[in-house]
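Fold and contact review
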Amino acid sequence: MSFGNKLAEARRAKNLTQEQLAEQLEVTRQAVSRWESDAAYPETDKIVRMARILEVSCDYLLQDGVDEKGSPVKPPVTRLLKQAQGRRVKLTFYDSDDGMPILHDWCVIRDFDGAWASVEVVVNQKKRSKNEVRLLPLAAISTVTFLRDGEAARRSPLDLS
């Protein structure tokens, strides 16, 4: 979300008009309008004052991924992985060379932290298969396909115990 959108949203949440915010910041209503439309940006001291008036952090106004209090917001992929943790899923990855998705076999997401996931996969070697845990970058994941309850994976079943 852009600076202007965040400013407008925070102003409305405080039930302030552009004119009322402008008065408190000692600027014109048109200046507030330009900031909210991202046509212009306020000076640093104005950002600090508006953050105080609107009861949000400067980080919230200026950065993506930060809530009104200035705390990092967990990305949607984190919520998805929380649901997938410990379950059998099929992951599709972006190919680093051409950006096109490539398919991976069924696996189990054991854990994830920050930008990485610990994933258990079945590796076939010399007519034998074994489970192996790999560390994968979350940015490489294109899609996550969940196995329906009661549905068995067609290939590479993993022991979930």
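Here goes a summary of the coordinates provided.

The biggest cluster of nonpolar side chains holds 17 residues, and the ones touching the most others in it are Phe-3, Leu-7, Trp-35, Met-50, Leu-54, Val-56 and Leu-61. Mapped onto this core, the elements with two or more residues apiece are helix 1 (3–13), helix 2 (18–25), helix 3 (29–36), helix 4 (44–54) and helix 5 (58–62). For this core, the element with the highest residue contribution is helix 4, accounting for four residues. Setting aside residues no more than four positions away along its own chain, Leu-61 makes contact with Phe-3, Lys-6, Leu-7, Ile-47, Met-50, Ala-51 and Val-56. Leu-81, Ala-84, Leu-136 and Val-144 belong to the second-largest nonpolar core, a separate cluster that totals 15 residues.

With that settled, the discussion passes to the packing of helix 1 against helix 4. Interhelical geometry of helix 1 versus helix 4 gives an angle of 35° and a closest axis separation of 10 Å. Crossing handedness for the pair helix 1 and helix 4: left-handed. In contact with Phe-3, Leu-7, Ala-10 and Arg-11 of helix 1, helix 4 contributes Ile-47, Met-50 and Leu-54. Considering only residue class, the contact of helix 1 with helix 4 consists of six nonpolar, no polar and one charged.

Before going further, it helps to examine unusual backbone geometry. Even without being glycine, Asp-38 reaches a positive phi, approximately 60°. Within the fold, Asp-38 resides in the loop between helix 3 and helix 4.

Moving on: the packing of aromatic side chains. By the definition in use, this model includes one aromatic pair. Residues Phe-3 and Tyr-41 carry aromatic rings whose centres are separated by 6.0 Å and whose planes lie at 55° to one another, so their mutual orientation is tilted. A residue pair is termed long-range when its members are at least 10 positions apart, and Phe-3 in helix 1 and Tyr-41 in the loop between helix 3 and helix 4 qualify at 38 residues. Overall, Tyr-41 belongs to the exposed group, its relative accessible area being 56%. When the ring centre of Tyr-60 is taken as reference, the NZ or CZ atom of Lys-6 above it lies at 5.1 Å.

With that settled, consider helix 2. Among the residues of helix 2, those classed as buried are Gln-18, Leu-21, Ala-22 and Leu-25. Buried positions in helix 2, seen along its axis, are confined to an arc of 100° and lie on one side of it. Buried residues along helix 2 sit in contact with helix 1, helix 3 and helix 4. Trailing helix 2 by a residue or two, Glu-26 shows a phi angle of about 60°, which is positive.

Among the seven residues in strand 1 (residues 88–94), five count as buried, and that is most of the element. Pairing of strand 1 with strand 5 (residues 141–146), which is carried by five bridges, proceeds in the antiparallel orientation. The partner of Leu-91 across the bridge, within strand 5, is Val-144.

This structure, assessed with the given rule, holds four salt bridges. For Glu-36, the salt bridge identified is with Arg-11, shortest N-O distance 2.5 Å. Of this pair, Glu-36 sits in helix 3 while Arg-11 sits in helix 1, and the two are 25 residues apart along the sequence. The class of Glu-36 is buried, set by a relative accessible area of 11%. Judged by relative accessible area, Arg-11 falls into the buried class, the value being 7%. Glu-120 is the salt-bridge partner of Arg-110, the closest N and O atoms lying 2.6 Å from each other. In this pair, Arg-110 sits in strand 2 (residues 101–113) while Glu-120 sits in strand 3 (residues 116–125), placing the two residues 10 residues apart along the sequence. Judged by its relative accessible area of 10%, Glu-120 is buried.

About the cut-offs
- Residues numbered from 1 in each chain as written.
- Predicted model: local features only at pLDDT ≥ 70, side-chain atom pairs only at ≥ 80, totals over all residues.
- Heavy atoms only, no water.
- Core = buried A, V, L, I, M, F, W, Y, C linked by side-chain atoms within 4.5 Å.
- Buried < 20%, exposed > 50% of the residue type's maximum accessible area, 1.4 Å probe, protein only.
- Helix = DSSP H or I, 4+ residues; strand = E, 2+ residues; numbered from the N terminus.
- Contact = heavy atoms within 4.5 Å.
- Axes fitted to C-alpha atoms, helices over the stretch in contact; angles between N-to-C directions.
- Left-handed = near helix turned anticlockwise from the far one by under 90°.
- Nonpolar A, V, L, I, M, F, W, Y, C, P; charged D, E, K, R; others polar.
- Phe/Tyr/Trp six-rings, centres within 6.5 Å; stacked < 30°, edge-to-face > 60°.
- Lys NZ or Arg CZ within 6 Å of the ring centre and 35° of its normal.
- Arc of directions from axis to C-beta.
- Pairing = 2+ DSSP bridges.
- Salt bridge = Lys/Arg side-chain N within 4 Å of Asp/Glu carboxyl O.

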